[in-house]
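So the chains spell out like this:
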Amino acid sequence: MQKKTAIVTGAARGIGLATTRLFLNEGWQVAMIDRDAPALEDAASGLDGALPFLCDVSQPDQVDATLPRIIDAFGGVDALVNNAGIADFGPIAETDFARWRRVMETNLDGVFLMSQAALGPLCARRGAIVNIASISGLRASTLRVAYGTSKAAVIQLTKQQAAELGEFGVRANCVCPGPVRTKLAMAVHSQEIIDAYHDAIPLNRYGSETEIAEVIVFLCSGRASYVSGQVIAVDGGFESTG
Ligand code: NDP
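Residues numbered from 1 in each chain as written. Predicted model: local features only at pLDDT ≥ 70, side-chain atom pairs only at ≥ 80, totals over all residues.

If you check an unreviewed UniProt entry, the protein chain appears there as SDR family oxidoreductase from Rhabdonatronobacter sediminivivens. We quote the UniProt Sequence similarities (unreviewed entry) comment for the protein chain here in full: "Belongs to the short-chain dehydrogenases/reductases (SDR) family." (UniProt positions renumbered as here; feature names shortened; annotations may be inferred.)

This is the structure:
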């Protein structure tokens, strides 16, 4: 039987790499997209069934050039995981337009551009989109004006996709991870933020990359064939206590 193909963005490390590994374990093949060339090569080497594609998802020309290469390599697309993201925490007064745009370009424009470019192939296979937002897109807290706003927009974008693409058999869902000790999080989580999360999360701990990936891969699979338009927090119970 033909293997299914997933595109995972931000696949060189963190949640994207864990998601890639889980897809491979479940018999999928994976197009790994990232903008960090050495990290991407390193991550993809030795992963049987995965191929690296260097691409900055915030750049329309790069996205448009990459999708045909993925189709050439794998023949089609059954799932798109829009996971690439950046974090930049700071007070509103110190968030100048360049910082704001940088966050929006990857976290929001990247999701739009990748989904747009993969739309035809996804419709052809009645595929699935999973967008990775954040608990910061569900609940406002200080320092996250750009990051939280970008993630709230990703949640709405997911609902728009589910509403419009359902008639083509395409499902769209959103995963909102709680804190996970990745490069992204550790660059912006001060000790104060770490302590606050430990206290506020009912499970009293950070999540692991694999705990997030499990939900992402489930949502892409046939096991979730009637799940669409959902926003699922994977956060140790944090959101339910707010
Ligand atoms: P990591 O920093 O560990 O991995 C993200 C990867 O995406 C990096 O390799 C990064 O490269 C790459 N990337 C960033 N921007 C682009 C771009 N424009 N084009 C292509 N690749 C890009 O992050 P996480 O695994 O923690 O995050 C994955 C997703 O999960 C993000 O969307 C994040 O917002 C979300 N999330 C993470 C949480 C956490 O606590 N870790 C909590 C909630 C949500 P580079 O290193 O060069 O930036």
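Let us keep going from here.
A. Summary view of unusual backbone geometry. Its identity as a non-glycine residue notwithstanding, Arg126 has a phi of 50°, on the positive side. Tracing the backbone through its elements, the reader meets Arg126 in the loop between α4 (97–124) and β5 (128–132). The class for Arg126 is partly exposed, based on 13 C-beta atoms found within 10 Å. For Leu143, which is not glycine, the phi torsion reads 75° and is therefore positive. Counting through the fold element by element, Leu143 comes out in the loop between β5 and α5 (145–165). (Helix = DSSP H or I, 4+ residues; strand = E, 2+ residues; numbered from the N terminus. Buried ≥ 20, exposed ≤ 12 C-beta atoms within 10 Å, placed from the backbone.)

B. Seen up close, the sheet that holds strand β4 (residues 79–82). Spatially, β3-β2-β1-β4-β5-β6-β7 is the arrangement adopted by the 7 strands of the open sheet, whose pairing is parallel. Each edge of the open sheet is held by one strand with a lone partner, namely β3 (50–54) and β7 (231–234). Strand-to-strand, the axes of this sheet are offset by a mean angle of 20°, without reference to chain direction. Running at roughly 160° to strand β6 (residues 171–177), α5 makes contact with β5, β6 and β7 of the sheet. (Pairing = 2+ DSSP bridges. Axes fitted to C-alpha atoms, helices over the stretch in contact; angles between N-to-C directions. Contact = placed C-beta atoms within 7 Å.)

C. Local environment of the site of the ligand. Within the structure, the ligand sits among 30 residues, and Gly10, Gly14, Gly85, Thr182 and Leu184 are positioned closest to it. Those elements that place two or more of their residues in the shell around the ligand are α1 (14–25), α4 and α6 (183–188). (Near = placed C-beta within 6 Å.)

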